[in-house]
Amino acid sequence: QQRDHLLSYTLRQARSMLYGKIGYGLDPLGDSDLVIGFTTAQLQSHFKYLTTPSNSVIAIYGDIEIDRVEAMIDEATSEWNFPALSISPPNIQPLSKPSRNILETKKEQSVVVLSYFGAALGQADQTVLDVISEALNDMGSRLFLRIREELGLAYYVGTQNFSGVIPGCFSFYTGTGADSANQVEEELISQAQLLAKDGLTAEELHRAKAKLAGHKKIARQELGQVALASCMDELLGLGFNHSTEEEDRVEQVTLDQVKEVASRYFGTDNHAVAISTPSS
């Protein structure tokens, strides 16, 4: 099923090219040859390894009796004494030169993904990259206007800022015709280089901030989303208020910051290009 979703499949291939067979280079669902051989004992052991008090956060939001709920949680977890979890983050080596890979598929269209190493969660750069990504992800963006409207090369076009506890990656992507992949690849690289040189315009920055602020307000209307965000932020060491304070951090991003961050992340040729294209 994953291979049927061409964009997601190609994005994963690009991450694999950046990180290799560790960290974000691995498929979250695992390798099919390994998964099929898992035993019940292995799964139980891994579950106990992960679900320890030191690796857990409980977030509860709503119209509740706090003392009563807290007492119930204390009772339910009173005998929870699994050993503490210990995980060392992988040591990721940067690319020494551009990497390019073509994947043959049975689909009729091509997908081109251009990926650069990005920032980790909680870094100031991550917020700036989020703003850049938002500026490039609507029908009024420079990517859409150039690649789809002006050149007529794209079914869809956009970016993804992927972040985690270790530096993630920033990807430009386009769905295009079977014979247009090479031209689209050149255009995506050109657009990344323009960002590295000039950053965003004042209008692009203003629009991106406004859209991100709107997304945050909508997300806070659903208690489940608020609880999940707080829970994950605390678990990842960012502090449970991290997402709540994100709107202020976005608003403080300047054009100079955008230009400096874009220059550092996109001003290099050491990127990965993954292309999914029909078999010849």
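The coordinates are above.
Residues numbered from 1 in each chain as written. Predicted model: local features only at pLDDT ≥ 70, side-chain atom pairs only at ≥ 80, totals over all residues. Heavy atoms only, no water.

S.K.: Go over helix 7 (residues 181-198) with me, naming the residues and quoting the values.
M.R.: In this model, helix 7 (18 residues) spans 26 Å end to end at C-alpha, consistent with the 26 Å of a helix rising 1.5 Å per residue. Gly 199, located one to two residues past helix 7, shows a positive phi value of around 70 degrees. (Helix = DSSP H or I, 4+ residues; strand = E, 2+ residues; numbered from the N terminus. Expected span 1.5 Å × (residues − 1).)

S.K.: Give me the lowdown on the packing of aromatic side chains, citing residues and values where you can.
M.R.: In total, this model carries 9 aromatic pairs according to the counting rule given. Both rings, one in Tyr 156 and one in Tyr 173, keep their centres 6.3 Å apart while their planes meet at 55 degrees; by these two values the pair is tilted. One end of the pair, Tyr 156, is in strand 3 (residues 154-162); the other, Tyr 173, is in strand 4 (residues 169-176), and 17 residues separate them in sequence. Since its relative accessible area comes to 27%, Tyr 156 is described here as partly exposed. Through pairs of rings, three or more aromatic residues link up here, namely Tyr 19, Tyr 24, Phe 117 and Phe 162. (Phe/Tyr/Trp six-rings, centres within 6.5 Å; stacked < 30°, edge-to-face > 60°. Buried < 20%, exposed > 50% of the residue type's maximum accessible area, 1.4 Å probe, protein only.)

S.K.: Please give an account of the pattern of salt bridges that cites residues and values.
M.R.: Per the counting criterion, the structure on display carries 16 salt bridges. In this structure, Arg 100 engages Glu 185 in a salt bridge whose closest nitrogen and oxygen atoms are separated by 2.9 Å. Of this pair, Arg 100 sits in strand 1 (residues 99-105) while Glu 185 sits in helix 7, placing them 85 residues apart in sequence. Note that Arg 264 is salt-bridged to Glu 260, the shortest N-O span being 2.5 Å. (Salt bridge = Lys/Arg side-chain N within 4 Å of Asp/Glu carboxyl O.)

S.K.: Before we move on, could you go through the sheet that holds strand 4 and cite the residues and values that matter?
M.R.: Pairing is mixed across the open sheet formed by 5 strands, whose spatial order is 1-5-2-4-3. The two strands at the open ends of the sheet, each matched to only one other strand, are strand 1 and strand 3. Each neighbouring strand pair of the sheet contributes to a mean axis angle of 15 degrees, computed without reference to strand direction. Relative to strand 5 (residues 272-278), strand 1 runs parallel, the two sharing 7 bridges. By the bridge assignment, Arg 100 is partnered in strand 5 with Val 273. Sheet strands touched by helix 7: strand 1, strand 2 (110-117), strand 4 and strand 5. Its angle to strand 2, the strand with the most contacts, is close to 30 degrees. (Pairing = 2+ DSSP bridges. Axes fitted to C-alpha atoms, helices over the stretch in contact; angles between N-to-C directions. Contact = heavy atoms within 4.5 Å.)

S.K.: Please provide a residue-by-residue account of a negative patch on the surface, values included.
M.R.: A contiguous patch of negative charge, built from Asp 63, Glu 65, Asp 67, Glu 70 and Asp 74, is present on the exposed surface. By the secondary structure assignment, Asp 74 is in helix 4 (residues 66-76). (Patch = residues over 30% accessible without salt bridge, like charges linked within 9 Å, V, L, I, M, F, W, Y side chains within 5 Å. Areas by Shrake-Rupley, 256 points an atom, 1.4 Å probe, with all protein chains shown as cover. Lys, Arg positive; Asp, Glu negative; His and termini not counted. Charge placed at Lys NZ, Arg CZ, Asp CG, Glu CD.)

S.K.: Kindly report on the nonpolar core, identifying the contributing residues and their values.
M.R.: Core analysis: the largest hydrophobic core is formed by 38 residues, its most contacted members being Leu 114, Leu 129, Ile 132, Phe 172 and Phe 266. When residues in this core are grouped by element, the largest group, 7 residues, is from helix 7. Once residues lying within four places of it in the same chain are set aside, the contact partners of Phe 266 are Tyr 116, Leu 129, Ile 132, Phe 170, Phe 172, Ala 192, Leu 195 and Ala 196. The next biggest cluster of nonpolar side chains, apart from the first, holds 16 residues, and it includes Leu 95, Phe 117, Cys 169 and Ala 274. (Core = buried A, V, L, I, M, F, W, Y, C linked by side-chain atoms within 4.5 Å.)

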